[in-house]
Amino acid sequence: MPSDESDSASFKRAAAERAVDFIQPGMVVGLGTGSTAAYAVRRLGALLSAGTLKDVVGVPTSRATEALAASLGVPLTTLDVHPVVDLTIDGADEVAPDLSLIKGGGGALLREKVVAQASRREIIVVDAPKLSPRLGTKWPVPVEVLPFGWRSQALFLESLGARVVVRLALDGAPFHTDQGNVVLDCDFGPISDPAALAAKLESRAGVMAHGLFLNLTTDLLVAGPEGITHRVRGA
Ligand SMILES: O=C[C@H](O)[C@H](O)[C@H](O)COP(=O)(O)O
């Protein structure tokens, strides 16, 4: 591992690059978003450029990932052309023991979930500090809401027990997702019943997506000082 790379970055890279080993020639591959997934995209780009891997097409989960993959010469496609994805490699913000996740720290939660639900295999790659005994312990739940009526959604989320913060961009203006929506970061504290919370969020008009990813992870690769561990859901 390069000496100028932080431990966190080197662990993220190690997990992401290991995940790329699961890609086979001819696959449709979902390309996740964020700093960890970006290592996988770079590795895939390098393998394709070298000719070590062939005939792979990528489905990006955000405009940022699309731009990165395109810059590396990774052939891209869409779910319209390939509605079933063989394998997706994505990061996460928090991972519970049952492999449920909080995602959306980069604001790509909606497209990431669409691609995850279209994927036969969802490989999540993280560094060890993201492991958590219970979702909500370390990270708020991002909730993507329509700009129309967003303050009403904030009140609704507070009524569910959340401390709600409107996500801002680096320039201090409200952050907007690739869909032009607003993100409300909702601190519920440790969540005792993520499925019940997800159901409440999904029943609300104006909530376009939330960062609880339940029953979607098939594989988890965690990198830490002791190396990389691979967990498979249900195993
Ligand atoms: O919206 C962003 C995604 O869900 C990311 O995969 C997640 O935030 C993890 O990002 P990172 O790999 O940069 O920690």
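This text goes with the structure placed above it.
The model shown is predicted, which means the values in this text are computed figures rather than measured ones.

### Some remarks on the nonpolar core
If you look at the biggest cluster of nonpolar residues, it comprises 58 residues, and the most contacted ones within it are Ala15, Ala19, Ala40 and Val125. Sorting elements by how many residues they give to this core places helix α2 (residues 35–50) first, with seven residues. Excluding residues that lie within four positions of it along the chain, Ala40 makes contacts with Ala16, Glu17, Ala19, Val20, Ile89 and Val125.

### Let's talk about the sheet that holds strand β10 (residues 207–210)
In spatial order, the strands read β8-β9-β7-β10; together these four strands make up an open sheet with antiparallel pairing. The strands lining the two open edges of the sheet, one partner per strand, are β8 (163–166) and β10. Direction aside, the axes of adjacent strands within the sheet are offset by 30° on average. Judged from the three bridges that link them, strand β7 (residues 141–145) and β10 form a sheet pairing that is antiparallel. Counted as the bridge partner of Val145 is Val207 from β10. Contacting β7, β8, β9 (182–187) and β10, helix α5 (residues 150–159) runs over the sheet at an angle of about 15° to β9.

### Section: the site of the ligand
As a matter of local geometry, the ligand sits amid 18 residues, with Gly34, Thr36, Gly91, Gly105 and Gly106 nearest to it. Residue assignment for the shell around the ligand shows that the elements contributing at least two residues are α2 and α4 (109–117). In terms of residues, the shell around the ligand owes the most to one element, α2, which gives three residues. Classifying every residue of the shell around the ligand gives four nonpolar, 10 polar and four charged.

### Some points on the packing of α2 against helix α3 (residues 63–71)
Orientation of α2 relative to α3, taken along the N-to-C sense of each, is 25°, at an axis distance of 9 Å. One way to sum up the angle between α2 and α3 is to call them roughly parallel. The chirality of how α2 crosses α3 is right-handed. Here α2 contributes Ala37, Ala38, Val41 and Gly45 to the contact with α3, which in turn contributes Thr65, Leu68 and Ala69. Tallied by class, the residues present in the contact of α2 with α3 amount to five nonpolar, two polar and no charged.

### Considering the sheet that holds strand β4 (residues 94–95)
The strand order across the open sheet built from three strands is β4-β5-β11, with neighbouring strands paired in antiparallel fashion. The open sheet is flanked by β4 and β11 (212–213), the only strands paired with a single partner. By the bridge criterion, two bridges tie strand β5 (residues 101–102) to β11 in an arrangement that is antiparallel. The partner of Leu101 across the bridge, within β11, is Phe213.

### A look at helix α6 (residues 194–202)
Within the sequence span of α6, burial applies to Pro194, Leu197 and Leu201. Summarising the axial view, the buried residues of α6 lie within an arc of 65°, below the 170-degree limit, and thus occupy one face. Opposite the buried face of α6, at more than 90 degrees from it, the exposed residues are Ala195, Ala196, Ala199 and Glu202. Considering only its buried residues, α6 is in contact with β7, β10 and β11.

Rules behind the numbers
Residues numbered from 1 in each chain as written. Predicted model: local features only at pLDDT ≥ 70, side-chain atom pairs only at ≥ 80, totals over all residues. Core = buried A, V, L, I, M, F, W, Y, C linked by C-beta atoms within 7 Å. Buried ≥ 20, exposed ≤ 12 C-beta atoms within 10 Å, placed from the backbone. Helix = DSSP H or I, 4+ residues; strand = E, 2+ residues; numbered from the N terminus. Contact = placed C-beta atoms within 7 Å. Pairing = 2+ DSSP bridges. Axes fitted to C-alpha atoms, helices over the stretch in contact; angles between N-to-C directions. Near = placed C-beta within 6 Å. Nonpolar A, V, L, I, M, F, W, Y, C, P; charged D, E, K, R; others polar. Parallel < 35°, antiparallel > 145°, perpendicular 65-115°, else oblique. Left-handed = near helix turned anticlockwise from the far one by under 90°. Arc of directions from axis to C-beta.

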